[in-house]
Amino acid sequence: MKNATKYPVHVRDLNTRDICIVPVEETQTYYLIDCKPRPGQKKRCVNIRESKDLMWWSESELIYEPDEEYWGQLDYWAPEVHRWRGKYYLVSSFRKPGGCRGCQFLVADSIKGPYKPMVNHPATPENWHCLDGTLYEDKNGQPWMVFCHEWTQVQDGQMCAIRMKDDLSDSIGEPIILFRASEAPWKFTDDKGLWEFSDPQYNVGWARITDGCYMYRAKNGELLMTWTSYSNTAYTTGYARSLSGEIQGPWVQEPEPLFSQDGGHAMFFHRFDGTLMMVLHSPNRPGKEHMLLFEMEDNNGKLFIKNELTGNFLWIYNERDQRYLDSLQEAAPEEKKVPEEAPKE
């Protein structure tokens, strides 16, 4: 590493989740945005790191922390930053004390903030429990927020979209439902089964979760959306395709997920050499999450993983190996003790 002082944190040592990476061409710098608090920070902050090579990262810096008047004081989750019409916009999940979780865009002149809310309420309906908002621009140049309507309120989690004003300050009209989690062919079918790669799913019964939507316009012009839910193996990332090529759909789910080994909340970006990249966190266990970085192939609108770059996926094999060694230990017969030689007369 050429500059270990500025970029001291290796990707193997970076505990983070719900990751957004933004490449800025002008400075040839990658920025990572997350809500992982630094020591001394409250659990209501958004931070940023930077890197030149995606492997070595700076320490995190604060880019948003609310004042006491802001509506969303809790549940700072899944931030993203988008460049839109000359400014930078932070979209994240927030929750009102005693109220619902919602999503809102905040604005800044620089990617490193400081970000400011333009209105003091969410862009999602205030009586809906929502999270994981992202930005989509349709073919007419109109902005939308795509977001998840949570399973905690509707049982079968929904993927939704709502039109935004041109400056992203607020929403326009009513949201539309794009699809539901139960439409995924890879959805879990056994809520009590043993999971190969993960801790058992927490007790949600047959509720179905929608997490982590992100939009991608394929090279052939098709509109795709990656999103995350649970399969029989673990936290799983799949993707859907709009048959109309626009946000209104109809949306059909790809039969095979992109990643089913307890990893999710994916997003796409292009590396400076033009390579399509996908980033997600794995495993989906509090305190153990790390970044996985995949080189991707876009083959006529079909997405495939080519390679994973960080090596953080090896936790799967480390745990398998340990279970195997433990099983050998348990299965081994007890070592027979050799009786001590009788004392001589």
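Residues numbered from 1 in each chain as written. Predicted model: local features only at pLDDT ≥ 70, side-chain atom pairs only at ≥ 80, totals over all residues. Heavy atoms only, no water.

> Give me the lowdown on the nonpolar core, citing residues and values where you can.
Formed by 53 residues in total, the largest nonpolar core has its most connected members in Ile21, Ile33, Trp57, Tyr115 and Met291. With residues near it in sequence (within four places) discarded, Ile21 still touches Tyr30, Tyr31, Leu54, Trp57, Met267, Phe269, Val279, Met291 and Leu293. (Core = buried A, V, L, I, M, F, W, Y, C linked by side-chain atoms within 4.5 Å. Buried < 20%, exposed > 50% of the residue type's maximum accessible area, 1.4 Å probe, protein only. Contact = heavy atoms within 4.5 Å.)

> Account for the pattern of salt bridges, with residues named and values stated.
Counted by the stated rule, this structure contains 17 salt bridges. In this structure, the salt-bridge partner of Asp18 is Arg17, at a minimum N-O distance of 3.7 Å. Asp18 sits in the buried class, given a relative accessible area of 10%. A relative accessible area of 29% means that Arg17 is categorised as partly exposed. Residue Arg44 is joined to Glu68 by a salt bridge in which the shortest nitrogen-to-oxygen separation is 2.9 Å. Residue Arg44 is found in the loop between strand S3 (29-34) and strand S4 (46-51), and its partner Glu68 is found in the loop between strand S6 (61-64) and strand S7 (74-84); the two are separated by 24 residues along the sequence. Judged by relative accessible area, which is 11%, Arg44 ranks as buried. (Salt bridge = Lys/Arg side-chain N within 4 Å of Asp/Glu carboxyl O. Helix = DSSP H or I, 4+ residues; strand = E, 2+ residues; numbered from the N terminus.)

> Describe the packing of aromatic side chains, with residues and values.
Under the criterion given, the structure shown has 16 aromatic pairs. Ring centres 6.4 Å apart and planes at 10° place the aromatic pair Tyr64 and Tyr76 in the stacked group. You can see Tyr64 sitting in strand S6 and its partner Tyr76 sitting in strand S7, a full 12 residues away along the chain. With 5.7 Å between their ring centres and 50° between their planes, Tyr70 and Trp71 make a pair best called tilted. By relative accessible area, Tyr70 is classed as buried at 5%. With a relative accessible area of 10%, Trp71 lands in the buried category. Stacked on the ring of Phe188, the Lys or Arg Arg208 has its end atom at 4.5 Å from the ring centre. (Phe/Tyr/Trp six-rings, centres within 6.5 Å; stacked < 30°, edge-to-face > 60°. Lys NZ or Arg CZ within 6 Å of the ring centre and 35° of its normal.)

> Go over the sheet that holds strand S12 (residues 143-149) with me, naming the residues and quoting the values.
Strand order in this open sheet of 4 strands is S11-S12-S13-S14, and the pairing throughout is antiparallel. Edge positions in the sheet fall to strand S11 (130-137) and strand S14 (171-180), since each has one partner strand and no second. Sheet twist, expressed as the average angle between the axes of neighbouring strands with direction ignored, equals 25°. Where S12 lies against strand S13 (residues 158-164), 6 bridges are found, and the strand directions are antiparallel. Within S13, the residue paired with Met145 across the bridge is Ile162. (Pairing = 2+ DSSP bridges. Axes fitted to C-alpha atoms, helices over the stretch in contact; angles between N-to-C directions.)

> Explain the pairing of strand S19 (residues 264-270) to me, and be specific about the residues and the numbers.
The buried fraction of S19 is high, at 6 of 7 residues. Here S19 runs beside strand S20 (residues 276-282); their pairing, made up of 5 bridges, is antiparallel. Counterpart to Phe269 in the pairing with S20 is Met277. Here S19 folds back onto S20, and the loop between the two strands holds 5 residues, one of which, Gly274, carries a positive phi near 95°.

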